[in-house]
Each structure stands twice: as C-alpha cells, then as structure tokens.
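Spelled out, the chains give:
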Amino acid sequence: MNVDRTKPIPVKGPEASPSIFFVRQLFDLQLKTIAGYLRPLLPMLKGKVLDIGAGEGPWRYFLNKSAVYQGVDIRSADQFGMSEQKDVVYYDGMLLPFPDGTFDAAICIEVLEHASEPALLLSEAYRVLKPGAPFALTVPWSARTHHIPFDFHRFTRYQLDAMLAKAGFIDVRIYERGNDICAVANKLIVIAWRLLMPSRKLHFLWTLPLAILDLCVASVFLMCAHISLYFGLGSKDDPLGYFVECTRA
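A few points on the structure. Just so you know, these numbers come straight off a predicted model, no measurement behind them.

Conventions adopted
- Residues numbered from 1 in each chain as written.
- Predicted model: local features only at pLDDT ≥ 70, side-chain atom pairs only at ≥ 80, totals over all residues.
- Heavy atoms only, no water.
- Pairing = 2+ DSSP bridges.
- Helix = DSSP H or I, 4+ residues; strand = E, 2+ residues; numbered from the N terminus.
- Axes fitted to C-alpha atoms, helices over the stretch in contact; angles between N-to-C directions.
- Patch = residues over 30% accessible without salt bridge, like charges linked within 9 Å, V, L, I, M, F, W, Y side chains within 5 Å.
- Areas by Shrake-Rupley, 256 points an atom, 1.4 Å probe, with all protein chains shown as cover.
- Salt bridge = Lys/Arg side-chain N within 4 Å of Asp/Glu carboxyl O.
- Parallel < 35°, antiparallel > 145°, perpendicular 65-115°, else oblique.
- Left-handed = near helix turned anticlockwise from the far one by under 90°.
- Nonpolar A, V, L, I, M, F, W, Y, C, P; charged D, E, K, R; others polar.

## Notes on the sheet that holds strand 2 (residues 68-74)
Working step 1: Here we have seven strands laid out as an open sheet, ordered 3-2-1-4-5-7-6, and mixed in their pairing. The open sheet has two edge strands, strand 3 (88-91) and strand 6 (169-177), and neither has a second partner. Neighbour to neighbour, the strand axes of the sheet diverge by 15° on average, direction disregarded.
Working step 2: Two elements, strand 1 (residues 48-52) and strand 4 (residues 105-109), share three bridges in a ladder whose sense is parallel.

Put into structure tokens, the structure is as follows:
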C-alpha cells in the first residue's frame, strides 16, 4: 500500500483564523477555487442546511445567520485528520441518519471521491432534502491520490451530470474549478512538498536542491495561476475540479 506522505491538511474555517484561511488560499488553489464558488452561494441558503462530509465544518462560517447548520460525517473521520465537532452527527457512511425531506439545502464538498458507493450517497442526499431544495457539491479532477486508501474516484462533468440525473436532481449546472495553469502550479507545489519530506534523511542532500529549483518554477506558475483565474484565462479541459449546483425535484 502507498504511504500518504503528502496528506491533505484539514480545512478550518475563517472563524479559527481569518489570516490563515486567506494565506492558505494563496498556495492552495483547490481551496481558493472551492471558496470562490461557495462564498456567494452559502449566504443565500435558508432553513436547515446539511453539510455532507463536514470534516472540520469550515463552510458554516459563510452561511446566513438565520440558517441552521447540521454536519454529518463518517465515524472514522479521524482517519482523515478531522477532529470531532459538536454540530456534526457521525454515521457508518451508508444511509444518512435523517428522515426523508428534513433539509432545506445541502452541500457536499470534496467528499464524493471518497465514497465507496457515490450513487448511494447522491440518492441519500436527494432523500433527505425537501422538494425544490438546492444541492451543491465539489469534486477534484487534477488531484493526487489522497487520504489513502480512501480515494476511490475521479469524475468527469459528463459522469456527474448522469449520476445526478439518475438520482433525481434537476437543473444541473456544472462549472470547472481552475484551469490547466492552476493544475500545473498545484502539481509543482506538491512535488516540492514531497521533496522536502524525503523518506530518508540522507536523501535530503539531493532532494533539497531539487525542491529549491522546483519552488522557483512553482512560484512563477502560481502567480500565473492567480492571474489566469482573475482574467478567466487558461484551458477548462484540464481543471482542478468541478463545482456543481442542482435542485431536488
């Protein structure tokens, strides 16, 4: 089994430290592009909002103050580096522990790729939502294997569209997160991270010079990535991932 040497750092919301959340987005393009879509959406959600695969619950901060937040995650969330949260219900990862039509809205952020049965997760999300309720999710595309061995899928926009339609969702809108420039910058940062954490200390003699060279190139691509996001440049054929909005019929 591969060792998860570059395990993702759990995302904590701005309430923990606004400056850290902001600075992280300068280097973590996955987080930046996810937050870019969620910031305008979350304040519009009303009533009871379900966060499927809540983790540290970083997105509750952006909800309208009148919304009622409810997180749900698997009991083994600690294997993903997540700490236990007071407003998160923990379950076995199969049937969501809520009655039909409980929630007015739901989000599922970077979770579907970790579900052994993603079609079941989508059908369960559909079941616990009220008719007409909005549902938003994100998935990675250009991303390393992470949270080993619980990384099972990568989804194209066409597969996402088909799966959501089969689950019963309507008005499905899919947007690429990032572009090919962001994907290259992201890969270079991960390579530098890996080079700075060699499996043996002796290897540091050659990994350190390579890491320095890599970081120089990565800094250029990272700057170009932010510029490309601001001006809408780059190819959407090789994005970092996808953002999806749809509605429960």
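The discussion continues.
## Observations concerning a nonpolar patch on the surface
Working step 1: A surface patch of nonpolar side chains, amounting to about 530 Å² of accessible area, comprises V184, W206, L210, L213, V217 and F221.
Working step 2: Per element, the largest residue contribution to the nonpolar patch is five residues, and it comes from helix 6 (residues 204-231).
Working step 3: Within the element layout of this structure, W206 appears in helix 6.

## Observations concerning the packing of helix 5 (residues 180-195) against helix 6
Working step 1: Their axes nearest at 8 Å, the elements helix 5 and helix 6 cross at an angle of 155°. In this view, helix 5 runs roughly antiparallel relative to helix 6, as classed from their interaxial angle. Handedness of the crossing formed by helix 5 with helix 6: left-handed.
Working step 2: Split into classes, the residues belonging to the contact of helix 5 with helix 6 amount to 20 nonpolar, two polar and one charged.

## Describing the pattern of salt bridges
Working step 1: One pass over the full model with this rule turns up nine salt bridges.
Working step 2: Of the charged contacts, one joins D87 and R60 as a salt bridge, the two residues approaching to 2.4 Å between their closest N and O atoms. Taken together, the residues span a long stretch of sequence, with D87 in the loop between strand 2 and strand 3 and R60 in the loop between strand 1 and strand 2 at a distance of 27 residues.
Working step 3: Across the pair R127 and D100 runs a salt bridge whose closest N-O atoms are separated by 2.7 Å. Of the two residues, R127 is situated in helix 3 (residues 118-128) and D100 in the loop between strand 3 and strand 4; the sequence distance between them amounts to 27 residues.
Working step 4: Residues participating in the shared-partner salt-bridge network are D100, E124 and R127.

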